[in-house]
Amino acid sequence: MRHIISVLMENEPGALSRVVGLFSQRNYNIESLTVAPTEDATLSRLTVTTIGNDRVVEQITKQLNKLIDVVKVVDLSEGDHIEREVMMIKLKASGQMRAEIKRTCDIFRGQIIDVTPTTYTVQLVGASDKLDAFISALGSASIMEVVRSGVCGIARGEKVLSL
Amino acid sequence: MVVRALKDEGVQYIYGYPGGSLLHVYDALFQQEDVQHILVRHEQAATHMADAYARATGKAGVALVTSGPGATNAVTGIATAFMDSIPMVVITGQVMSHLIGEDAFQETDMLGISRPVVKHNFSVQRPEDIPAIVRKAFHIAESGRPGPVVIDLPKDMTTPTERYPYEYPKQVKMRSYTPITRGHTGQIKKATDLLLNAKRPVIYSGGGVIMGDASEQLTELARLLNFPVTNTLMGLGGYPGTDRQFIGMLGMHGSYEANMAMHHADLILAVGARFDDRVTNATDKFCPTAKIVHIDIDPASISKTVQADIPIVGPAKVVLDEMAQLVKNSKKQPDADALKAWWQQIDEWRQRHGGRYRTDDSELMKPQQVIEMLSLVTNGDAFVTSDVGQHQMFAAQYYKFNKPNRWINSGGLGTMGFGLPAAMGVKMNFPDADVACVTGEGSIQMNIQELSTCKQYDLPVKILCLNNQSLGMVRQWQDMNYESRHSQSYMQSLPDFVKLVESYGHVGMKVDKYSDLEGAMREAFALKDRLVFMDIAVDPFEHVYPMQVPRGSMRDMWLTKTERT
Ligand SMILES: Cc1cc2nc3c(=O)[nH]c(=O)nc-3n(C[C@H](O)[C@H](O)[C@H](O)COP(=O)(O)OP(=O)(O)OC[C@H]3O[C@@H](n4cnc5c(N)ncnc54)[C@H](O)[C@@H]3O)c2cc1C
Ligand SMILES: Cc1ncc(C[n+]2csc(CCOP(=O)(O)OP(=O)(O)O)c2C)c(N)n1
Ligand SMILES: [Mg+2]
């Protein structure tokens, strides 16, 4: 199963490499990874999505907790949560393809953020499967480049991950 | 600042080797007398000495090595300590901070190299941080699940002409690191109920009981309950080896009775042990009828390879104590009838195969006999360090450890070359104790240069080299799995060890016959102030048994070259 693990950690040099190192060292897979400082500049928030059975994911959270720089860890997928990912996608757009792309883009509530006579760059925000769906919906439009931010997530309701 | 912080930490000895990036530190060492530096002959030995000090005392040992090759030479020792959860602080020199990343002379990314084999590492970025970093390093190394910590120290952090405010912190507070100090009472109650209802219980204890200073509590609980106790390789001495309730080591080379008891148990109380693959054999066949209570200070050790029914996260010492209190105050008593039957069964297993090896008519010694003699000559009271191989297993099986922290070996990494420096680290700190290093002619040559350090610091350890003229453990596997194709497992061109040690200024003895063994060994131990190297010829064809059958259950074992369960 796919899990979204959120990690609050000291914003210090080397902290990120410890997390990434842990994943490769223990043979855990990383689907995506995002990291940025929080409102408290001494803390970073890292979100990693991974695929594994319950036992593996339990080990991952335990091993992450063991890292000295890590303050807190939560597996967001255990409860109600919201996940978002940003994608920017550059497409060949000329002739009738322009209208077609525009339509698909509207259906998915994407925005065209850059235009040239032959290309469109579309920005789309949503859960990862929505982004995947958009890509397949593009059908014959030819994709020149895709950038995805990786997933970030937050629990619904009162629950927070903080000190 | 570095030396002063070490002094304030109460460090007496540090083990190391100088080099360019550490010259400021070495100069500071020269100008004081509180922290004594021991000069080894290879940095790996410095880390093993520090490590063995920690294994014998529970406190973090300290090693100091220069940047580049000094640091990389130390990596094996750091990994050795890491795998066995041993507290250690290793200070590695580093090039000037403005040169880092430029492939400067003797630069290596020690933070990167050490990362997978340390509990934590620090890089000093401001000299005024040194006291706090040193304090944190010791705190992290020694608390919770212990482990090695590296402090990478760029040369410009130690410039002697610059002065900084110095204050050694008394306490450490880290929001991201709070070791657990006690177990969950509800879980402990549940577990105690299970213990009192058990019909075929086994206590399986490991290195966590040794390093967690919990053998007294373990012994008390086991005696209260009259349960059999087995120890892992790392847990030997956690329960007295000569006690009736002790059923030997378990696992790949565990005793017949320990492995049989584990397999048939209905309850396993695991304490400070990590269900290593050398213990469990195939996990899907592991102890099919047992409920498992697992006490460990590291939640990640619990249900990692084998699912625990009742996990208890906490220090063994505190948790076991709480359990013993509960047992004492409980109206319910252990099931005496069931235990009686269980003990009968165990004693039967013990009779059938307990600690058996065969001697033949030849005068050629069996390695097991040498260890039994060592046990006899030292009254089971010596510190015994070991290298890695068959001799290590024989030492584990045949030396009866009655006290914790006396059996010092590399279990998790299995580092050949560990034994001699480890013996030195112990002897340095326990000058009046008997310290024996059990080794093989293969392993001893991996750090034999340390005989010179022994001379310099007058470290009269006793080295027992079980010389089977082969990499015995490798050869055994080749005999069993590769139709005796002995690929590269012979030790050819062995030196004359007696002459070799004499050239270092020590005493050498060669023993070829069992009839000479006792006399020679007594003589060696009587030479209190001399290092004695005993080159003991043993049967090169001997195998270590029992040996679990690969991918089998706990009870699937080879008992001799021809018999299996
Ligand atoms: C050639 C060779 C053969 C071997 N054969 C065997 C064999 O037959 N049998 C065998 O047992 N081993 C054998 N080993 C060793 C094996 O590889 C492992 O090192 C060993 O089994 C691990 O021991 P352990 O489970 O006690 O864990 P350790 O590595 O000692 O780990 C200690 C555990 O205790 C926990 N802990 C630490 N402090 C505390 C505390 N205060 N309170 C509670 N918990 C704590 C830690 O978190 C950890 O989980 C062999 C090794 C070699 C080299
Ligand atoms: C540094 C290192 N290299 C290789 C090994 C693999 N290995 C394990 S036991 C062994 C043989 C050890 O030979 P010896 O020291 O003579 O001991 P014996 O088994 O003969 O008693 C080897 C090569 C190891 N454990 N450590
Ligand atoms: Mg040998």
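Let us look at the structure shown here. The structure presented is a predicted model; accordingly, all values stated were derived computationally and were not measured. (Residues numbered from 1 in each chain as written. Chains lettered and ligands numbered in written order. Predicted model: local features only at pLDDT ≥ 70, side-chain atom pairs only at ≥ 80, totals over all residues. Heavy atoms only, no water.)

1. With respect to the environment of B:Glu523
Residues and elements named next belong to chain B. As a reminder, the rule being used: A run of DSSP states H or I qualifies as a helix once it reaches four residues; a run of E qualifies as a strand once it reaches two. Both are numbered from the N-terminal end. Here's how the labels work: a residue is buried when its accessible area is under 20% of the maximum for its type, exposed when over 50%, partly exposed in between, all with a 1.4 Å probe on protein chains only.
Tracing the backbone shows Glu523 in helix α20 (residues 514–526). Glu523 sits in the partly exposed class, given a relative accessible area of 47%. Here the alpha-carbon distance between Glu523 and Ala270, two residues 253 residues apart in the chain, equals 42 Å.

2. Comments concerning a nonpolar patch on the surface
Residues and elements named next belong to chain A. In plain terms, the rule: For patches, a residue must show more than 30% relative accessible area and have no salt bridge; joins then use 9 Å for like charges and 5 Å for nonpolar side chains, namely Val, Leu, Ile, Met, Phe, Trp and Tyr. Computed with a 1.4 Å probe, the accessible areas rest on the Shrake-Rupley method; for each residue, only the protein chains presented here act as cover. We define a salt bridge as a side-chain nitrogen of Lys or Arg found within 4 Å of a carboxyl oxygen belonging to Asp or Glu.
Where nonpolar side chains cluster on the molecular surface, the patch consists of Val86, Met88, Ile113, Val125 and Val147 and spans about 360 Å² of accessible area. Looking at where Val86 falls in the secondary structure, it is placed in strand β5 (residues 81–92). On the basis of relative accessibility, which here comes to 34%, the residue Val86 falls in the partly exposed class.

3. Some remarks on the site of ligand 2
All names here are of chain B. Applied cut-off: Only heavy atoms are used to decide nearness, and a residue is near a molecule or strand if one of them lies within 4 Å of it. Any N or O atom pair separated by 3.5 Å or less is treated as a polar contact, with the protein-specific requirement of one donor-capable and one acceptor-capable atom, and with residues adjacent in sequence counted only for side-chain atom pairs. Basically, the charged four are Asp, Glu, Lys and Arg, the nonpolar ten are Ala, Val, Leu, Ile, Met, Phe, Trp, Tyr, Cys and Pro, and anything else, Gly included, counts as polar.
For ligand 2, the set of nearby residues contains 17 residues, the closest of which are Gln390, Gly414, Ser443, Ser470 and Gly472. Residue Gly442 places a main-chain N or O atom 3.0 Å away from an oxygen atom belonging to ligand 2. With the chains in place, 76% of the 590 Å² that ligand 2 exposes on its own is no longer accessible. Breaking the shell around ligand 2 down by element, the ones donating at least two residues are α15 (390–398) and α18 (472–481). Taken together, the residues that form the shell around ligand 2 break down as six nonpolar, 10 polar and one charged.

4. Observations regarding the sheet that holds strand β2 (residues 32–37) of chain A
Strands in a sheet are paired, the pairing made by backbone hydrogen bonds, and the direction either parallel or antiparallel. Residues and elements named next belong to chain A. Where we set the bar: DSSP bridges decide pairing: two strands pair if at least two such bridges lie between them. Every axis in this analysis is a line fitted to C-alpha atoms, fitted for helices over the stretch in contact. Angles between the N-to-C directions lie between 0 and 180 degrees.
Sheet architecture is open: four strands sit in the order β2-β3-β1-β4, paired in antiparallel fashion. On the outer flanks of this sheet lie β2 and β4 (70–75), each paired with one strand and no other. Geometrically, the sheet is characterised by an average inter-axis angle of 15° between neighbouring strands, direction not taken into account.

5. A look at the packing of helix α14 (residues 367–377) of chain B against α20(B)
Residues and elements named next belong to chain B. Formally: Here the angle decides the label: under 35 degrees means roughly parallel, over 145 means roughly antiparallel, 65 to 115 means roughly perpendicular, and every other value means oblique. Here a crossing is called left-handed whenever its near helix is offset anticlockwise from the far helix by less than a right angle, and right-handed whenever the offset is clockwise. Any two residues whose heavy atoms approach within 4.5 Å at even a single point are treated as in contact.
Packing of α14 against α20 leaves a shortest axis separation of 10 Å and a crossing angle of 40°. Considered as vectors, α14 and α20 are oriented oblique to each other. Note on packing geometry: the crossing formed by α14 with α20 is right-handed. Every residue of α20 that contacts α14 at Gln369, Val370, Met373, Leu374, Leu376 and Val377 is listed here: Tyr514, Leu517, Glu518, Met521, Arg522 and Phe525. When grouped by side-chain class, the residues that make up the contact of α14 with α20 number nine nonpolar, one polar and two charged.

6. Concerning the interface of chain B and chain A
Accessible area lost on assembly of the parts is the figure often given for the size of an interface. What counts here: When two parts are put together, the accessible area they lose, computed with a 1.4 Å probe and summed over both, is reported as buried area.
Every contact between the two is made by 20 residues of chain B and, on the other side, 21 residues of chain A. When chain B packs against chain A, the two sides together hide about 1600 Å² of surface, and 46% of this comes from carbon and sulfur. The largest contributions to the chain B side of the interface with chain A come from B:Arg115, B:Arg175 and B:Ser176, which together make up 40% of the buried area. Inspection of the chain B/chain A interface yields two salt bridges. Residue B:Arg175 pairs with A:Glu10 through a salt bridge whose shortest N-O separation is 2.7 Å. Linking chain B with chain A are 12 residue pairs in polar contact (both at pLDDT 80 or more). Split into classes, the residues belonging to the side of chain B that touches chain A amount to seven nonpolar, seven polar and six charged.

7. A short note on the nonpolar core
All names here are of chain B. Note the following rule: We call a set of buried residues a nonpolar core when its members are Ala, Val, Leu, Ile, Met, Phe, Trp, Tyr or Cys and they connect through side-chain atoms within 4.5 Å of each other. Note that the domain bounds were set by an automatic or database domain assignment.
Ranked by internal contacts, the top residues of the largest apolar core, which has 97 residues, are Met323, Met521 and Met534. Here this core spans two domains, since at least three of its residues come from each of domain 2 (185–352) and domain 3 (367–544). Excluding its chain neighbours within four sequence positions, the residues that come into contact with Met521 are Val370, Met373, Leu374, Val377, Leu464 and Met534. In terms of nonpolar packing, the next biggest core, distinct from the first, is built from 51 residues, Ala45, Ala46, Val461 and Cys465 among them.

8. Examining the sheet that holds strand β17 (residues 507–511) of chain B
All names here are of chain B. Across the sheet, six strands lie side by side as β14-β13-β15-β16-β18-β17; this open sheet has parallel pairing. One side of each edge strand has no neighbouring strand; the edge strands of this open sheet are β14 (407–408) and β17. Against the sheet, α20 contacts β15 (435–440), β16 (462–467), β17 and β18 (532–537), and its axis sits at roughly 170° relative to β17.

Function-wise, these values are silent; they only describe arrangement.
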